[in-house]
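Below, each chain spelled out in residue letters.
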Amino acid sequence: MKAAWLASVLRKRARLRRNERWSRRELEAYQARALRELRDHAVARSAFYRRLHRGLETRPLDELPVVTKAMLMENFDELAVDAEVRRAGVEEHLAGLALGDARYLDRYWVVSTSGTSGRRGLFLADTDEWTTILASYARANDWAGLKVGLAHHLKVAVVSSRVPWYQSVRVGTTLESPLVRTLRLDATAPLAETTAALDAFAPDSLVGYASMARVLAEEQLAGRLHIAPRAVMSASEALTDESRRRIAEAFGAPPFNVYAATETAGIASDCAQHRMHVYEDLVVVEAVDEKDRAVPPGTFGAKLLVTVLFSRTQPLIRYEMSDRVALAPSGEPCPCGRRFALLSGIDGRAEDILELPGADGPVRVHPNVFHRVLEPVPAAGWQVVQERDGVRVLLADSRRRLGRRGGAPRARSRRRHRARGPARARRRHPEDRRRQGAAGEGAPMSCRHADVVRAPETEMGHHHMAMEEHGR
Ligand SMILES: [Zn+2]
């Protein structure tokens, strides 16, 4: 089964490779055609889009209403084109998902957003969509010079997350085979364990969050890690110039930036010239301001709207993501020959490793610790705010949900209390208890309920979770 999968992904990847040779005109003609097909499909098959696009069927893309994650989740059953798809069923499926390749209704892979930007989103992919998603990840490897095939076995070490509903994890699980051996390490594990496992595995490709790749580069430079990957792939977070420089120093070449999202799969990645091309044959991206108007090239948008040209189960048309992205002005074509548009910067989903006071000195806490602890909490969203003497966790819409489950404290909005949510979560992830305890001893974690109204910026980076504490 796995070998068959790999074969179909490689076939799809070969088709995508042909798209990379298109002229700008061929690419634009293809995009227009693919967009028309997607819009016709959405209006014909999705009650949600039929209503949303009524009267606008022939208007250009940039005049269509934006679809937010809240809209997607609130209209979940209507938005999906399959009448059997039910949000409750999808959530139930996800709750029971272990590290495996199980499918909802035996035909849909389900992935969920991490909660970085607050509310959790659920995304489905049928076989065809899943193949394209996998091929988009293969493209990123390919551009970084990592070939996969019968004659090219690949050892990939991914230092990120083991949460089974993350897209990267599900992709790895589907592709796992003798051709692609994957070592998956938890970014929240003790560093010495991680470096020892990496030394033993000797990966061809090292994949991690930018912050984690930087940490591993420092380990390599300090002589505590001894690997020689052919490529370092930096994903999910903004890569600073300093990180880029240190990673190049440690591993002999600069990292390849990969911009992917659970909602869309690969959006853009670095070519051999270390320039980031948008996968324009798969997605249409619009960098826009707060009022959804296009910003000029070279300027960061307040958010990014994506239209996923291959989405069919849940059509995604002008879907809003909180990432701040700048498209490069169209200038000289890239020497790699691809005519896909270039990104000049990504400033989104930036997350930093928190340093908190611990019993035996500072404790470094990767944002994934919070993802793991907070995601099972029955809240609409969460945000972690670092303060001088600890961290503050805001939980959106949690009182009602906790209350419905029974036994939850009726929290006074301004009173600090021991976080019940994380305590519940720790019981579900006993392996986290020690690390959480270590960080928790010197760094009190307080928890407050919050309303979702506005977007403060936190020291953890650009969090666009819009929240306001009660009582303020
Ligand atoms: Zn290029």
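The preceding data block contains the structure.
Keep in mind that what you see is a predicted model, and the values were worked out from it rather than measured. (Residues numbered from 1 in each chain as written. Predicted model: local features only at pLDDT ≥ 70, side-chain atom pairs only at ≥ 80, totals over all residues.)

## Focus: the overall build of the protein chain
Alright, step 1. Per the secondary structure count, the protein chain includes 15 helices and 21 strands.
Alright, step 2. When the 472 residues of the protein chain are sorted by exposure, 46% land in the buried category.
Alright, step 3. Within the protein chain, contacts between residues at least 6 apart in sequence are counted, and of these 66% link residues at least 24 apart. (Helix = DSSP H or I, 4+ residues; strand = E, 2+ residues; numbered from the N terminus. Buried ≥ 20, exposed ≤ 12 C-beta atoms within 10 Å, placed from the backbone. Contact = placed C-beta atoms within 7 Å.)

## Let's talk about the sheet that holds strand S11 (residues 303-308)
Alright, step 1. Judged by pairing direction, the sheet is antiparallel, and its three strands sit side by side in the order S10-S11-S12 without closing on themselves. Edge strands, defined here as strands with exactly one partner in the open sheet, are strand S10 (283-288) and strand S12 (319-321). Ignoring which end each strand starts from, the neighbouring axes of this sheet average 30° apart.
Alright, step 2. Where S11 meets S12, three bridges bridge the pair, whose relative direction is antiparallel. (Pairing = 2+ DSSP bridges. Axes fitted to C-alpha atoms, helices over the stretch in contact; angles between N-to-C directions.)

## Some remarks on the sheet that holds strand S4 (residues 180-186)
Alright, step 1. The strand order across the open sheet built from nine strands is S4-S3-S5-S6-S7-S8-S9-S14-S13, with neighbouring strands paired in mixed fashion. Each edge of the open sheet carries a strand with a single partner, namely S4 and strand S13 (325-327). Here the strands of the sheet are splayed against their neighbours by 30° on average, with no regard to which way each runs.
Alright, step 2. Two strands pair when backbone bridges link them, and strand S3 (residues 154-160) and S4 are joined in this way by seven bridges, in the parallel orientation. Residue Val-159 lies in a different strand from S4, and its bridge partner there is Leu-185.

## Thoughts on the nonpolar core
Alright, step 1. With 97 residues, the main nonpolar core has Leu-124, Ala-213, Met-233, Ile-267, Val-283, Val-306 and Leu-343 as its most contacted residues.
Alright, step 2. Core analysis: the next-biggest nonpolar cluster, separate from the first, contains five residues, Val-384, Val-393, Leu-394 and Leu-395 among them. (Core = buried A, V, L, I, M, F, W, Y, C linked by C-beta atoms within 7 Å.)

## Considering the pairing of strand S6 (residues 231-235)
Alright, step 1. Within S6, five of the five residues are buried, which leaves it mostly tucked inside the rest of the structure.
Alright, step 2. Side chains of S6 alternate between two faces, with Ala-231, Met-233 and Ala-235 and Val-232 and Ser-234 buried alike.
Alright, step 3. When strand S5 (residues 205-209) meets S6, the two strands line up parallel, connected through five bridges. Within the sheet, the bridge partner assigned to Tyr-209 lies in S6 and is Ala-235.
Alright, step 4. Considered for its hand, the β-α-β crossover made up of S5, helix H10 (residues 210-221) and S6 is right-handed.
Alright, step 5. Pairing between S6 and strand S7 (residues 256-261): three bridges, direction parallel. (Right-handed = clockwise from strand over helix to strand, strands pointing away.)

## Let's talk about the environment of Asp-347
Alright, step 1. Note that Asp-347 resides in the loop between strand S14 (342-346) and strand S15 (354-358).
Alright, step 2. Using a count of 14 C-beta atoms within 10 Å as the deciding quantity, one classes Asp-347 as partly exposed.
Alright, step 3. Separated by 21 residues in sequence, Asp-347 and Ala-326 have C-alpha atoms that sit 8.4 Å apart.

## Observations regarding helix H11 (residues 241-251)
Alright, step 1. What H11 keeps buried is the set Ser-243, Arg-246, Ile-247, Ala-250 and Phe-251. Taken end-on, H11 shows its buried residues confined to a sector of 110°, consistent with a single buried face. In this structure, H11 carries Asp-241 and Glu-242 as exposed residues pointing more than 90 degrees from its buried face.
Alright, step 2. Against H10 and S6 lie the buried residues of H11.
Alright, step 3. Downstream of H11 by a residue or two, Gly-252 has a phi angle that is positive, lying close to 85°. (Arc of directions from axis to C-beta.)

## With respect to the environment of Leu-10
Alright, step 1. Within the element layout of this structure, Leu-10 appears in helix H1 (residues 2-19).
Alright, step 2. Placed 121 residues apart in sequence, Leu-10 and Thr-131 show a C-alpha to C-alpha distance of 9.2 Å.

## Description of the pairing of strand S1 (residues 109-112)
For a regular strand, side chains alternate in direction, first toward one face of the sheet and then toward the other.
Alright, step 1. Here S1 shows no split at all, with Trp-109 and Val-111 on one side and Val-110 and Ser-112 on the other all buried.
Alright, step 2. Both S1 and strand S2 (residues 122-125) contribute to a ladder of four bridges, which runs antiparallel. Paired with Val-111 across the bridge in S2 is Phe-123.

The values reported here are purely geometric and, on their own, carry no functional implication.
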